[in-house]
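Chain by chain, the residues:
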Amino acid sequence: MADSSAQPLNGDPAARVLVAGASGYTGALAAEIVWHHPRLQLVAATSRSDAGRTLGELYPRYRAQIELTELDLDQLDGIDAAIVAYPHGAAAPTDAALRAAGIRVVDLSADFRLRDAETYERWYGEHGAPELFGSGVYGLSELYRDELRGAELVATPGCYPTASVLGLAPLAEKGLLAEVSISAMQGTSGYGRKNDDLVHFSSMTENAFPYKTEGHRHRPEIEQELAALGSPAPVAFVPHLVPLDQGELATCFAKLTEPVDRVALQAMYRERFAGEPFVKVLDRPPNLRALRDTNECHLHVTVEEHGAVIAFAAIDNIWKGAAGQGVQNLNLMLGLDETAGLL
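A.B. asks: Help me out: how do you make sense of the environment of Leu58 in this one?
C.D. replies: Mapping Leu58 onto the fold places it in helix H2 (residues 55-58). Take Leu58: its relative accessible area is 13%, and that puts it in the buried class.

A.B. asks: Honestly, the pairing of strand S4 (residues 104-107) in this entry has me stumped. Any pointers?
C.D. replies: Walk down a regular strand and you will see the side chains alternate between the two sheet faces. By the bridge criterion, four bridges tie strand S3 (residues 81-84) to S4 in an arrangement that is parallel. Note on S4: the bridge partner recorded for Ala81 is Arg104. After leaving S3, the chain enters helix H3 (residues 91-100) and then returns to the sheet as S4, a path that is right-handed. Where S4 meets strand S6 (residues 153-155), three bridges bridge the pair, whose relative direction is parallel. Within S6, the position partnered with Asp107 by the bridge is Ala155.

A.B. asks: It is not clear to me how the packing of aromatic side chains should be interpreted in this structure. Could you clarify?
C.D. replies: Aromatic ring pairs are described here by two measures, namely the spacing of the ring centres and the angle between the planes. In the structure shown here, the tally under the stated rule is seven aromatic pairs. Their ring planes at 65 degrees and their centres at 6.3 Å tell us that Tyr25 and Tyr59 sit as a pair that is edge-to-face. Of the two residues, Tyr25 is situated in helix H1 (residues 25-36) and Tyr59 in the loop between H2 and S3; the sequence distance between them amounts to 34 residues. Judged by centre distance (6.0 Å) and plane angle (80 degrees), the rings of Tyr138 and Tyr144 are edge-to-face. An aromatic cluster is defined as three or more aromatic residues linked by ring pairs; in this entry it consists of Tyr25, Tyr59 and Tyr62.

A.B. asks: How should the packing of helix H5 (residues 141-148) against helix H10 (residues 319-333) be read in this particular structure?
C.D. replies: Angle between the axes and distance between the axes are the two parameters that describe a pair of packed helices. At a closest axis distance of 10 Å, the pairing of H5 and H10 adopts a crossing angle of 30 degrees. Considering the angle they form, H5 stands roughly parallel to H10. Handedness of the H5/H10 crossing: right-handed. Residues Ser141, Glu142, Arg145 and Leu148 of H5 touch H10, and the partners they reach there are Lys320, Gln325, Gln328, Asn329, Leu332 and Met333. Looking at the contact of H5 with H10, its residues break down into three nonpolar, four polar and three charged.

A.B. asks: How should I be thinking about the pattern of salt bridges in this particular structure?
C.D. replies: Pairs can form between side chains of opposite charge whenever their charged atoms are close. Per the stated rule, a full pass over the model turns up 15 salt bridges. Here Arg53 ties to Asp50 by a salt bridge, and the two come within 3.1 Å at their closest N and O atoms. With relative accessibility at 34%, the residue Arg53 sits in the partly exposed group. The shortest N-O distance in the salt bridge between Glu225 and Arg115 comes to 2.8 Å. One end of the pair, Glu225, is in helix H8 (residues 218-229); the other, Arg115, is in the loop between S4 and helix H4 (117-124), with 110 residues separating them in the sequence. A network of salt bridges, in which partner residues are shared, links Arg61, Asp245, Arg292 and Asp293.

A.B. asks: How should I be thinking about H1 in this particular structure?
C.D. replies: Working note: α-helix, 3.6 residues per turn, so residues spaced by three or four point in the same direction. Look at H1: 17 Å from first C-alpha to last across twelve residues, which is about the 16 Å you get at 1.5 Å a residue. Of all twelve residues in H1, nine are buried; the element is thus mostly enclosed. For H1, the set of buried residues is Gly27, Ala28, Leu29, Ala30, Ala31, Glu32, Ile33, Val34 and Trp35. Turning to H1, the residues buried within the fold contact strand S1 (15-20), strand S2 (40-46), H2, S3 and H10.

A.B. asks: Even after reading the chapter, I still don't get the environment of Arg122, so can you show me in this structure?
C.D. replies: Take Arg122: it is sitting in helix H4. Counting along the chain gives 120 residues from Arg122 to Val242, while the straight-line C-alpha distance between them is 28 Å.

A.B. asks: Sorry if this is basic, but what is going on with the packing of helix H6 (residues 159-173) against helix H9 (residues 262-273) here?
C.D. replies: Interaxial distance between H6 and H9 falls to 10 Å at its minimum, and their mutual angle equals 105 degrees. Classified by the angle between their axes, H6 and H9 sit roughly perpendicular to one another. Contacts between H6 and H9 pair Leu166, Gly167, Leu168, Pro170, Leu171 and Glu173 from the former with Leu265, Met268, Tyr269, Arg272 and Phe273 from the latter. Each residue belonging to the contact of H6 with H9 can be placed in one class, and the counts come to eight nonpolar, one polar and two charged.

A.B. asks: Looking at this model, I keep getting lost on the sheet that holds S6. Mind explaining?
C.D. replies: What links the strands of a sheet is backbone hydrogen bonding, and the strands pair in either a parallel or an antiparallel sense. Strand order in the open sheet made by the six strands is S2-S1-S3-S4-S6-S5, with parallel pairing throughout. Strands at the two margins of the open sheet, each flanked by one partner only, are S2 and strand S5 (137-138). Two strands pair when backbone bridges link them, and S1 and S3 are joined in this way by four bridges, in the parallel orientation. In the sheet register, Leu18 faces S3, and the bridge partner there is Ala82. Its contacts with the sheet place H1 against S1, S2 and S3, and it is angled at close to 150 degrees to S2.

A.B. asks: Can you walk me through unusual backbone geometry in this structure?
C.D. replies: Glycine aside, residues mostly have negative phi, and peptide bonds are mostly found in the trans state. With a phi angle near 50 degrees, Glu206 is a residue other than glycine that sits in the positive phi range. A positive phi angle, close to 60 degrees, is found at Asp293, a residue other than glycine. Its location among the elements puts Asp293 in the loop between strand S11 (279-281) and strand S12 (297-303).

A.B. asks: Teacher, can you tell me more about the sheet that holds strand S13 (residues 309-315) here?
C.D. replies: With mixed pairing, the seven strands of this open sheet are ordered in space as S8-S9-S7-S10-S13-S12-S11. Two strands in the sheet have a free side with no partner beyond their single neighbour: strand S8 (209-210) and S11. One ladder, built from seven bridges, connects S12 with S13; its direction is antiparallel. Residue pairing across strands places Val301 opposite Ala311, the latter belonging to S13.

Conventions and cut-offs
- Residues numbered from 1 in each chain as written.
- Predicted model: local features only at pLDDT ≥ 70, side-chain atom pairs only at ≥ 80, totals over all residues.
- Heavy atoms only, no water.
- Helix = DSSP H or I, 4+ residues; strand = E, 2+ residues; numbered from the N terminus.
- Buried < 20%, exposed > 50% of the residue type's maximum accessible area, 1.4 Å probe, protein only.
- Pairing = 2+ DSSP bridges.
- Right-handed = clockwise from strand over helix to strand, strands pointing away.
- Phe/Tyr/Trp six-rings, centres within 6.5 Å; stacked < 30°, edge-to-face > 60°.
- Axes fitted to C-alpha atoms, helices over the stretch in contact; angles between N-to-C directions.
- Parallel < 35°, antiparallel > 145°, perpendicular 65-115°, else oblique.
- Left-handed = near helix turned anticlockwise from the far one by under 90°.
- Contact = heavy atoms within 4.5 Å.
- Nonpolar A, V, L, I, M, F, W, Y, C, P; charged D, E, K, R; others polar.
- Salt bridge = Lys/Arg side-chain N within 4 Å of Asp/Glu carboxyl O.
- Expected span 1.5 Å × (residues − 1).

And the structure:
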């Protein structure tokens with residue numbers, strides 16, 4: 001249990017928070033963000049494999065003074081909200097148990113992102129809580145802010161869809177997308193802690209490679225959200241792993257249903273994201289170092305000489321692509337300023 005007096009709370013907490021799966025990269029970061037949040041009290045952080053260790057032992061750069069414990073779903077008294085950082089399949093049953101106890105849930109897995117059950121089964125297999133399927137609000141606040149306020153179950157988007165959909169949203173909302181190709185690159189934290197052997201230094205140094213080239217699970221999520229915005233365009237998506245710890249850059253190539261010149265296009269993007277606290281529209285392509293350890297998305301859009309639109313979207317994959325966005329969603333669910341604990 002946490003020593004609440006060590007947390008920098010500003011008055012009484014708005015919610016007492018559990019982070020389940022706090023030994024993985026995204027769960028650990030979620031716990032760290034909640035620990036330093038002025039209105040959220042971190043009362044438990046769980047891990048089966050690392051129970052008994054403190055978060056600081058596991059991740060020395062984190063300062064949350066909390067010991068990891070095993071999750072006991074029969075002992076949920078005193079929990080108002082939970083961030084669940086489990087893999088797909090394992091998250092849904094836990095989410096269901098938490099919701100049955102009246103706890104608001106932010107899910108960082110893929111279990112509630114897709115709206116079509118057959119599509120989910122094709123890409124992920126049997127769903128772990130079919131009675132809840134379709135009940136989660138898609139947690140991309142720049143698109144679904146009103147729905148997130150007061151929500152009880154939120155599906156935080158995947159990292160690649162977060163960057164890709166934000167990069168293409170202004171075009172999709174106007175029905176301008178005819179065809180989309182996305183080349184995305186990501187740091188090794190996106191592979192997850194359990195896959196450390198796959199991204200060993202000797203494999204990754206001075207190296208980069210594409211993976212899941214015939215079909216990545218995030219592609220149907222991207223197509224789903226572009227269609228929901230008004231552009232049911234086919235998407236070709238290829239991810240690449242690069243020798244970075246954190247960071248993600250999606251380069252989106254779009255054929256449009258009608259031509260748009262560069263000046264009008266850039267004005268469209270600036271107008272669409274004006275006032276968004278975590279989205280910055282830049283005059284030049286973004287770089288990943290500029291937004292590491294932030295909840296920001298940096299965008300740039302242009303038109304190349306043959307008329308194709310190119311949109312660049314950069315995020316930190318474990319912040320805006322996972323844990324930071326999860327806390328942003330939780331802020332909205334609880335009626336807090338969505339930037340609380342993140343700026």
